[in-house]
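# A closer look at the structure
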Amino acid sequence: ATARKKGAAVTVLEAAPRLLGRVLAPLLGDWYATLHRRHGVQLELGLAIEAIETDDQGRAVAVRAADGRRFPCGLVVVGIGVTANDQLARAAGLECDRGIVVDACARTADPAIVAAGDCTARRLPDGTLLRLESVNNATEQGKSAAAALLGQERPFAGTPWFWSDQYDRKLQMAGLS
């Protein structure tokens with residue numbers, strides 16, 4: 001949205017089958033896709049990227065998709081989320097499930113080890129795992145981890161929240177979609 005507002009041609013290459021699928025219900029994701037298209041953004045959904053092609057000076061000149069299509073460019077902005085590198089935690093015998101499993105106080109199954117941030121999956125009281133990638137989660141979970149290291153209970157039970165400013169629209173939501 002910012003690049004379009006500044007007059008740049010924009011193509012979004014998204015691996016997922018819909019826009020903002022990790023944070024929005026399908027109806028809202030579709031609404032935002034329509035909003036972007038109305039502003040002239042080319043959206044390519046469900047697309048696997050094979051390579052970023054560069055010139056002799058190392059500048060991006062195109063993005064090549066796995067289906068063979070080539071998208072010429074002058075700039076590439078990459079937003080890929082996070083995949084937790086939990087190899088060390090697994091080697092230490094900690095429970096992992098696309099992140100190190102922790103409780104509300106950021107404690108692992110080993111009482112001497114705490115973990116916080118995007119590398120974790122928090123086990124809720126009902127046994128389900130919650131993975132949150134956000135600044136707020138990392139900050140608040142870090143406070144819980146510090147308290148746990150000091151022998152204090154400071155469970156992080158904040159409501160997940162998400163925001164995004166796109167064109168003249170402001171999306172703010174609390175909870176999980």
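Now for a look at the structure at hand. (Residues numbered from 1 in each chain as written. Predicted model: local features only at pLDDT ≥ 70, side-chain atom pairs only at ≥ 80, totals over all residues. Heavy atoms only, no water.)

## Topic: the overall build of the protein
- Looking only at helices and strands, one finds four helices and 10 strands in the protein.
- Put simply, the protein runs from its N terminus to its C terminus through helices and strands in the order α-β-α-β-β-β-β-α-β-β-β-α-β-β.
- Taking 16 Å as the expected radius of gyration for a compact globule of 177 residues, we find that the protein reaches 20 Å, considerably beyond that expectation.
- For the protein, the residues scored as buried account for 29% of the 177 residues in total. (Helix = DSSP H or I, 4+ residues; strand = E, 2+ residues; numbered from the N terminus. Rg over C-alpha atoms; globule rule 2.2 N^0.38 Å. Buried < 20%, exposed > 50% of the residue type's maximum accessible area, 1.4 Å probe, protein only.)

## Notes on the packing of aromatic side chains
- Following the criterion strictly, the structure yields one aromatic pair and no others.
- Judged by centre distance (4.9 Å) and plane angle (80°), the rings of Trp 31 and Tyr 32 are edge-to-face.
- Residue classification places Trp 31 among the partly exposed residues on the basis of a relative accessible area of 36%.
- For Tyr 32, a relative accessible area of 3% corresponds to the buried category. (Phe/Tyr/Trp six-rings, centres within 6.5 Å; stacked < 30°, edge-to-face > 60°.)

## So, a nonpolar patch on the surface
- A cluster of nonpolar side chains, Ile 52, Val 78 and Ile 80, forms an exposed patch at the surface whose accessible area comes to about 320 Å².
- Within the element layout of this structure, Ile 80 appears in the loop between strand S5 (70-72) and helix H3 (87-91). (Patch = residues over 30% accessible without salt bridge, like charges linked within 9 Å, V, L, I, M, F, W, Y side chains within 5 Å. Areas by Shrake-Rupley, 256 points an atom, 1.4 Å probe, with all protein chains shown as cover. Salt bridge = Lys/Arg side-chain N within 4 Å of Asp/Glu carboxyl O.)

## A few points about helix H2 (residues 26-38)
- In this model H2 runs 18 Å from its N-terminal to its C-terminal C-alpha over 13 residues, within 8% of the 18 Å that 1.5 Å per residue would give.
- Taken as a whole, H2 has its buried residues at Gly 29, Tyr 32, Ala 33, Leu 35 and His 36. In a view along the axis of H2, the buried residues occupy a sector of 160°, so they form one face of it. In this structure, H2 carries Leu 27 and Arg 38 as exposed residues pointing more than 90 degrees from its buried face.
- Lining the buried residues of H2 we find strand S2 (42-45), strand S9 (161-166) and strand S10 (169-174). (Expected span 1.5 Å × (residues − 1). Arc of directions from axis to C-beta. Contact = heavy atoms within 4.5 Å.)

## A few points about the sheet that holds strand S6 (residues 100-102)
- Read across the sheet, three strands follow the order S6-S7-S8 without closing on themselves; strand pairing throughout is mixed. Each edge of the sheet is formed by a strand with only one pairing partner; in this case those strands are S6 and strand S8 (129-130).
- Here three bridges tie S6 to strand S7 (residues 120-123), and the two strands are oriented parallel to one another. Directly across from Val 102, in S7, lies its bridge partner Arg 122. (Pairing = 2+ DSSP bridges.)

## Topic: the sheet that holds strand S3 (residues 49-54)
- The strand order S3-S4-S5 describes an open sheet built from three strands, whose pairing is antiparallel. Two strands in the sheet have a free side with no partner beyond their single neighbour: S3 and S5. Here the average twist between neighbouring strands, direction ignored, is 20°.
- Of the strand pairs in this sheet, strand S4 (residues 60-65) and S5 are connected by three bridges, and their pairing is antiparallel. Looking across to S5, one finds that Arg 64 is bridged to Arg 70. (Axes fitted to C-alpha atoms, helices over the stretch in contact; angles between N-to-C directions.)

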